[in-house]
Amino acid sequence: MSAGAGAERPQVVSHVQQALSYTVFDCKWVPRSARLLCLGSAARGTGLIQLYELHGARLELLREIEKPKPIKCGTFGATSLQQRYLATGDFDGNLNVWNLEAPEIPVYSVKGHKEIINSIDGVGGLGIGEGAPEIVTGSRDGTVKVWDPRQSDTPVANMEPVQGESKRDCWTVAFGNAYNQEERVVCAGYDNGDIKLFDLKTMSLRWETNIKNGVCSVEFDRKDINMNKLVATSLEGKFHVFDMRTQHPTKGFASVSEKAQKSTIWQVRHLPQNRDVFMTSGGSGSLHLWKYEYPAQRSKKDSEGSEMGVAGSVSLLQNVTLSTQPISSLDWSPDKKGLCVCGAFDQTVRVLIVTKLNKI
């Protein structure tokens, strides 16, 4: 690559670093604001929500909210832009929805699972996607549940192991295919490498595969379109990109895999303003920025005449090592292109700026 071409590559710049006095498990931008949240566990075993505001090159702590149980994960995905309620999953299996302006008592609360809620996602809120505002939770108890916070405390869908099937720790969940009032899927990844795609319209298992290593993170490139791509990351430093447009009757979805590093890839997050660019965060304290390239033709016919997908390729745009500890959470700002927040196990939250994203 020539020096000129190198100058066009995006750069990942650490803009602000904030030391924390607790373990941070998740970070989230508050939509339509310069604010961000850190969710985690205090040394004495309680849960913490911290609200920060970005002022130039510093973060100002606006509010600290302590809760009885450590908080593992959060999402704004099922709320309106007016309310911007935060849904959280905690170590005791509780799903809570908070009004951050009055966070003393949750606006919705349910004991959703018998064990820790590892992952949460929301859809139908923030003006994104069609259909009801719903929250999905995945837990160590082996179940994946979908909730409508406007309804009572029973899930609208419950995906659990069938009789005789051993329960697996569900590490990650994500909504997708919510492009009209009826269609919606949930993808779940498990500790044994299983990936399952549940169709909420037909209440059935639509597809499953196994990537041989624990699935740490799954995300569709967009929730509110016809399924397009899904990225799944794993314990062994590998990630897989599935082309979700064409499902073959027996072979399922075409995919390409990439070995990013030797250590766990904790999370994947797609750039909100460009669905073909995504960032992965690693156990080695590194971030990798990727771009997906589509093949000339996304599908072809097999010998039986059935349509099968054709996988594209992935190119590395940039990588940077920020910490000696795993970067466990990652969130792009939905409003400012290239603004990103990440939390690491060195008890630090970092605000990053990724440059030149309009050039790719």
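Residues numbered from 1 in each chain as written. Predicted model: local features only at pLDDT ≥ 70, side-chain atom pairs only at ≥ 80, totals over all residues. Heavy atoms only, no water.

### Structural notes on the overall build of the chain
So, step 1. Helices and strands together make up the secondary structure of the chain, namely one helix and 30 strands.
So, step 2. The C-alpha atoms of the chain give 20 Å as radius of gyration, which agrees with the globular expectation for 360 residues (21 Å, within 12%).
So, step 3. Looking at the chain as a whole, 56% of its 360 residues are labelled buried.
So, step 4. In the chain, the share of contacts with a sequence separation of at least 24, taken over all contacts with a separation of at least 6, comes to 50%.
So, step 5. Roughly 15100 Å² of accessible area belongs to the chain as shown, and the carbon and sulfur atoms make up 46% of that amount.
So, step 6. Of the side chains in the chain, 42 bear a positive and 40 a negative charge, and the two mean positions are spaced by 4 Å. (Helix = DSSP H or I, 4+ residues; strand = E, 2+ residues; numbered from the N terminus. Rg over C-alpha atoms; globule rule 2.2 N^0.38 Å. Buried < 20%, exposed > 50% of the residue type's maximum accessible area, 1.4 Å probe, protein only. Contact = heavy atoms within 4.5 Å. Areas by Shrake-Rupley, 256 points an atom, 1.4 Å probe, with all protein chains shown as cover. Lys, Arg positive; Asp, Glu negative; His and termini not counted. Charge placed at Lys NZ, Arg CZ, Asp CG, Glu CD.)

### Digging into the sheet that holds strand E29 (residues 339-344)
So, step 1. Strands sit in the order E1-E30-E29-E28 across an open sheet of four strands; the sheet is antiparallel. The open sheet has two free edges, formed respectively by strand E1 (12-19) and strand E28 (327-332), since each of these has just one partner strand. In this sheet, adjacent strand axes meet at a mean angle of 20° when their direction is disregarded.
So, step 2. Judged from the five bridges that link them, E28 and E29 form a sheet pairing that is antiparallel. Within E29, the position partnered with Asp331 by the bridge is Val341. (Pairing = 2+ DSSP bridges. Axes fitted to C-alpha atoms, helices over the stretch in contact; angles between N-to-C directions.)

### A look at the UniProt feature "repeat: WD" (unreviewed entry) in the chain
So, step 1. Taken from the UniProt record, the annotation "repeat: WD" (unreviewed entry) applies to residues 135-157.
So, step 2. End-to-end, the C-alpha atoms of residues 135-157 are 10 Å apart, and along that stretch the chain is 0% helix and 43% strand. (UniProt positions renumbered as here; feature names shortened; annotations may be inferred.)

### Concerning unusual backbone geometry
So, step 1. Even without a glycine there, the phi angle at Arg84 is positive, about 50°.
So, step 2. Relative to the elements of secondary structure, Arg84 occurs in the loop between strand E6 (71-75) and strand E7 (86-90).
So, step 3. Here Asn177, not a glycine, exhibits a phi torsion of approximately 65°, which is positive.
So, step 4. Here Asn177 lies in the loop between strand E14 (170-176) and strand E15 (185-190).
So, step 5. Under the relative-accessibility criterion, Asn177 is labelled buried at 3%.

### A short note on the sheet that holds strand E13 (residues 157-159)
So, step 1. Strand order in the open sheet formed by four strands is E10-E11-E12-E13, and the pairing between neighbours is antiparallel. A single partner strand is all that each edge strand has here, and the edge strands are strand E10 (117-123) and E13. Neighbour to neighbour, the strand axes of the sheet diverge by 15° on average, direction disregarded.
So, step 2. Direction of pairing for strand E12 (residues 144-147) relative to E13: antiparallel, over a ladder of three bridges. Each bridged residue has a counterpart across the sheet, and for Val144 the counterpart in E13 is Met159.

### Description of a positive patch on the surface
So, step 1. Taken together, the side chains of Lys212, Lys238, Lys259 and Lys262 make up a positively charged region of the molecular surface.
So, step 2. Tracing the backbone through its elements, the reader meets Lys212 in the loop between strand E17 (204-210) and strand E18 (215-220). (Patch = residues over 30% accessible without salt bridge, like charges linked within 9 Å, V, L, I, M, F, W, Y side chains within 5 Å. Salt bridge = Lys/Arg side-chain N within 4 Å of Asp/Glu carboxyl O.)

### A word on the pattern of salt bridges
So, step 1. Evaluation of the coordinates by the stated rule reveals 20 salt bridges.
So, step 2. Asp346 is the partner of Arg350 in a salt bridge, and the nearest nitrogen-oxygen pair spans 2.8 Å.
So, step 3. Arg350 gets classed as buried once you look at its relative accessible area, which sits at 4%.
So, step 4. When its relative accessible area of 26% is taken as the criterion, Asp346 is described as partly exposed.

### Details of the nonpolar core
So, step 1. Membership of the largest hydrophobic core comes to 18 residues, with the highest contact counts inside it found for Met279, Leu287, Leu289 and Trp332.
So, step 2. Every element with two or more residues in this core is listed here: strand E23 (274-282), strand E24 (286-293), strand E27 (313-321), E28, E29 and strand E30 (348-354).
So, step 3. If sequence neighbours within four positions are ignored, Leu289 has contacts with Pro10, Val277, Phe278, Met279, Ser315, Leu316, Leu317, Gln318, Trp332, Val354 and Leu357.
So, step 4. Of all hydrophobic cores here, the second largest spans 17 residues; its members include Val16, Trp29, Leu36 and Tyr52. (Core = buried A, V, L, I, M, F, W, Y, C linked by side-chain atoms within 4.5 Å.)

### Observations regarding the side chain of Ser328
So, step 1. Looking at the secondary structure, you find Ser328 in strand E28.
So, step 2. Not counting residues up to four positions away in its chain, the partners in contact with Ser328 are Val24, Phe25, Trp266, Gln267, Gly343, Ala344 and Phe345.

### Digging into the packing of aromatic side chains
So, step 1. Summed over the entire model, instances satisfying the criterion amount to eight aromatic pairs.
So, step 2. Summarising the aromatic geometry, the rings of Phe25 and Phe345 are spaced 6.3 Å apart at their centres and angled 80° between planes, so their arrangement reads as edge-to-face. Here Phe25, found in strand E2 (residues 23-29), pairs with Phe345, found in the loop between E29 and E30; they are 320 residues apart in sequence, far enough to count as distant.
So, step 3. Through a chain of ring-to-ring contacts, three or more aromatic side chains come together here, namely Phe25, Phe91, Trp266 and Phe345. (Phe/Tyr/Trp six-rings, centres within 6.5 Å; stacked < 30°, edge-to-face > 60°.)

### Describing the pairing of E30
So, step 1. Counting buried residues in E30 gives six out of seven residues, a clear majority hidden from the surface.
So, step 2. The pairing of E1 with E30 spans seven bridges and is classified as antiparallel. Note that in E30 the partner of Ser14 across the bridge is Leu352.
So, step 3. Judged from the six bridges that link them, E29 and E30 form a sheet pairing that is antiparallel. Paired with Cys342 across the two strands is Arg350, which belongs to E30.
So, step 4. Counted along the chain from E29 to the antiparallel partner E30, the turn is three residues long, and its residue Gln347 has a positive phi close to 60°.

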